[in-house]
Amino acid sequence: MKHLHPKTIELINNFSDKERIKSIKKFKWIGYTNAKKIQKKLDDLLDYPKNLRMPNLLLVGDSNNGKTVLLDRFANQNGSHIDEETQELRLSVLMIQAPPDPDEKRFYNAILESLFAPYRSAEKVELRQQRVIHLLKKLKLKMLIIDEIHHLLAGTMSKQRSFLNVIKYLSNELKIPIVCSGTRDAFNAIQTDSQLANRFEPKVLPKWNNDQEYLRLLASFEKILPLKQPSYLIENSLATLILSKSEGLIGEITKVLELSAILAIESKIEKINRNVIENIDYTSPSDRRKMIYRL
Ligand SMILES: Nc1ncnc2c1ncn2[C@@H]1O[C@H](COP(=O)(O)OP(=O)(O)OP(=O)(O)O)[C@@H](O)[C@H]1O
Ligand SMILES: [Mg+2]
């Protein structure tokens, strides 16, 4: 079983088929080059000296292409800790999901909720904003990550503008980098404000192509999928088939490989081949959309 990571070999040798299948369904992080580059950028931003004009970052990418997973991992690595000198609670990175509509109160609620801080629904928006700023300063927050930012920028032009001002205000008051993540709509909205556009460096998680990086990703997956036989996923015909089914999205590549590996175990074939991939119960994203249209 030279095709596998030593930990994966251990898994095959010590666990039942059922347990192997369960392990396939568990999320396992793969550090592909683009993700590592963005992570390095986030590390640099985290230690950026405080000044009046902090740089921000906008992570742009298609849905299901790894934005949340990447940011979540970074936020978890830089979570809360107790300052040894002062014995006070510190939080380096706070990550929130933007509420589903561009409502300023709900936006502050999302921050307060993630800090387990109480709020009254009657509390005025200005007060809520000041309380958020006070709390984040007290925790010595070093970076705020707002995922799904396109929700906040989805309303009318004037709503969009007022949210862009909220982001600008927070960034100025806290003097910390703000990292936003969302779809291309978010990028377009930020471009409408030249001051923000200058301050938000865009980083893109592009769709996957049939290149060296993609083959490296498949090779990493092959090492951790607990199958007794080598599948040679990087061989041209398999790599192309997986890419066309998944339409270049890492979430879909993961799904195709997960379902294929499970079928390979259940059918005792113990490797992923064309036949296995063709027989999984999986619908490509564009076919899913077509199915909905036909309803
Ligand atoms: N680095 C990674 N290693 C392994 N699997 C990954 C990685 N990144 C993403 N995935 C897989 O892709 C799926 C989708 O990723 P994620 O939720 O981060 O997408 P997203 O870009 O945030 O999408 P959306 O815009 O819809 O929120 C994950 O659930 C995971 O299965
Ligand atoms: Mg996401």
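The preceding data block contains the structure.
As a starting point, this report considers the structure included with it. The structure presented is a predicted model; accordingly, all values stated were derived computationally and were not measured.

Side note on helix α6 (residues 125–138)
Consideration 1: The end-to-end C-alpha separation of α6 is 20 Å, in line with the 20 Å expected for 14 residues at 1.5 Å each.
Consideration 2: Every buried residue of α6 is accounted for by Arg128, Gln129, Val132, Ile133 and Leu136. Looking straight down α6, one finds that the buried residues subtend no more than 135° of arc, so they occupy a single side. Exposed side chains of α6 directed beyond 90 degrees from the buried face belong to Leu127, His134 and Lys138.
Consideration 3: Tucked inside the fold, the buried residues of α6 contact β4 (93–97), α5 (104–114) and α7 (157–174).
Consideration 4: One or two steps after α6, the chain reaches lysine 140, where phi turns positive at roughly 55°.

Examining the packing of helix α10 (residues 212–224) against helix α12 (residues 250–266)
Consideration 1: For the pair α10 and α12, interaxial distance at closest approach is 12 Å and the crossing angle is 40°. The angle between the axes of α10 and α12 places the two elements in the oblique class. You can see that α10 and α12 cross each other, and the crossing is right-handed. For the pair formed by α10 and α12, the contact residues are Tyr214, Leu217, Leu218 and Phe221 on the first element and Ile250, Ile253, Thr254 and Leu257 on the second.

A word on the environment of isoleucine 234
Consideration 1: Summarising the element assignment, isoleucine 234 is placed in the loop between α10 and α11 (236–246).
Consideration 2: A relative accessible area of 46% places isoleucine 234 in the partly exposed class.
Consideration 3: For the pair isoleucine 234 and alanine 219, spaced 15 residues apart in the sequence, the C-alpha separation amounts to 6.5 Å.
Consideration 4: Look past the residues within four positions of isoleucine 234 in its chain and what remains in contact with it is Leu215, Leu218, Ala219 and Ala239.

Some details on the packing of α5 against α7
Consideration 1: One can describe the packing of α5 onto α7 by two numbers: an axis separation of 11 Å at closest approach and a directional angle of 40°. As far as their axial angle goes, α7 and α5 are oblique. When the axes of α5 and α7 are compared, the crossing they make is right-handed. For the pair α5 and α7, contact is made by Glu104, Phe107 and Tyr108 and by Phe163, Val166 and Leu170, respectively.
Consideration 2: A per-class count over the contact of α5 with α7 returns five nonpolar, no polar and one charged.

Some words on the nonpolar core
Consideration 1: Formed by 46 residues in total, the largest nonpolar core has its most connected members in Met143, Ile242, Ile253 and Leu257.
Consideration 2: No other element matches α12, which puts eight residues into this core.
Consideration 3: Two domains share this core, each providing at least three of its residues, namely domain 1 (6–30 + 208–294) and domain 2 (33–205).
Consideration 4: When neighbours within four sequence positions are excluded, leucine 257 is seen to be in contact with Leu218, Phe221, Leu225, Leu233, Ile242 and Ile272.
Consideration 5: Ranked by size, the runner-up nonpolar core spans 37 residues in total, among them Ile111, Val132, Ile167 and Leu170.

Looking at the site of ligand 1
Consideration 1: By nearness alone, 17 residues border ligand 1, and Ser63, Asn64, Lys67, Thr68 and Val69 come closest of all.
Consideration 2: Within the contact set of ligand 1, an oxygen atom lies 3.2 Å away from a backbone nitrogen or oxygen of asparagine 65.
Consideration 3: Contacts to ligand 1 include glutamate 148, whose side-chain N or O atom sits 3.3 Å from an oxygen atom.
Consideration 4: Its free accessible area being 640 Å², ligand 1 has 81% of it covered by the protein chains.
Consideration 5: For ligand 1, the cavity whose grid points lie within 2 Å of the majority of its atoms is the largest pocket.
Consideration 6: Residue composition of the shell around ligand 1, grouped by class: six nonpolar, seven polar and four charged.
Consideration 7: Both domain 1 (6–30 + 208–294) and domain 2 (33–205) contribute no fewer than three residues apiece to the shell around ligand 1.

With respect to the sheet that holds strand β5 (residues 143–147)
Hydrogen bonding along the main chain pairs the strands of a sheet, whether they run parallel or antiparallel.
Consideration 1: With parallel pairing, the five strands of this open sheet are ordered in space as β4-β5-β6-β1-β7. This sheet does not close on itself; its edge strands, each paired only once, are β4 and β7 (200–205). Averaged over all pairs of adjacent strands, the angle between their axes in this sheet comes to 15°, without regard to strand direction.
Consideration 2: Packed on one face of the sheet, helix α3 (residues 33–46) meets β1 (56–61), β4, β5, β6 (178–182) and β7 and runs near 160° to β7.
Consideration 3: Relative to the sheet, helix α8 (residues 184–191) contacts β1, β6 and β7, its axis offset from that of β1 by approximately 140°.

Scoring rules and cut-offs
- Residues numbered from 1 in each chain as written.
- Chains lettered and ligands numbered in written order.
- Predicted model: local features only at pLDDT ≥ 70, side-chain atom pairs only at ≥ 80, totals over all residues.
- Heavy atoms only, no water.
- Helix = DSSP H or I, 4+ residues; strand = E, 2+ residues; numbered from the N terminus.
- Expected span 1.5 Å × (residues − 1).
- Buried < 20%, exposed > 50% of the residue type's maximum accessible area, 1.4 Å probe, protein only.
- Arc of directions from axis to C-beta.
- Contact = heavy atoms within 4.5 Å.
- Axes fitted to C-alpha atoms, helices over the stretch in contact; angles between N-to-C directions.
- Parallel < 35°, antiparallel > 145°, perpendicular 65-115°, else oblique.
- Left-handed = near helix turned anticlockwise from the far one by under 90°.
- Nonpolar A, V, L, I, M, F, W, Y, C, P; charged D, E, K, R; others polar.
- Core = buried A, V, L, I, M, F, W, Y, C linked by side-chain atoms within 4.5 Å.
- Domains from an automatic or database assignment.
- Near = heavy atom within 4 Å.
- Polar contact = N/O pair within 3.5 Å; in protein donor to acceptor, adjacent residues only side chain to side chain.
- Areas by Shrake-Rupley, 256 points an atom, 1.4 Å probe, with all protein chains shown as cover.
- 1 Å grid on protein atoms, 1.4 Å probe; cavity = no way out; pocket = protein on both sides within 12 Å on 5 of 7 lines; lining within 4 Å.
- Sits in = over half its atoms within 2 Å of the grid points.
- Pairing = 2+ DSSP bridges.

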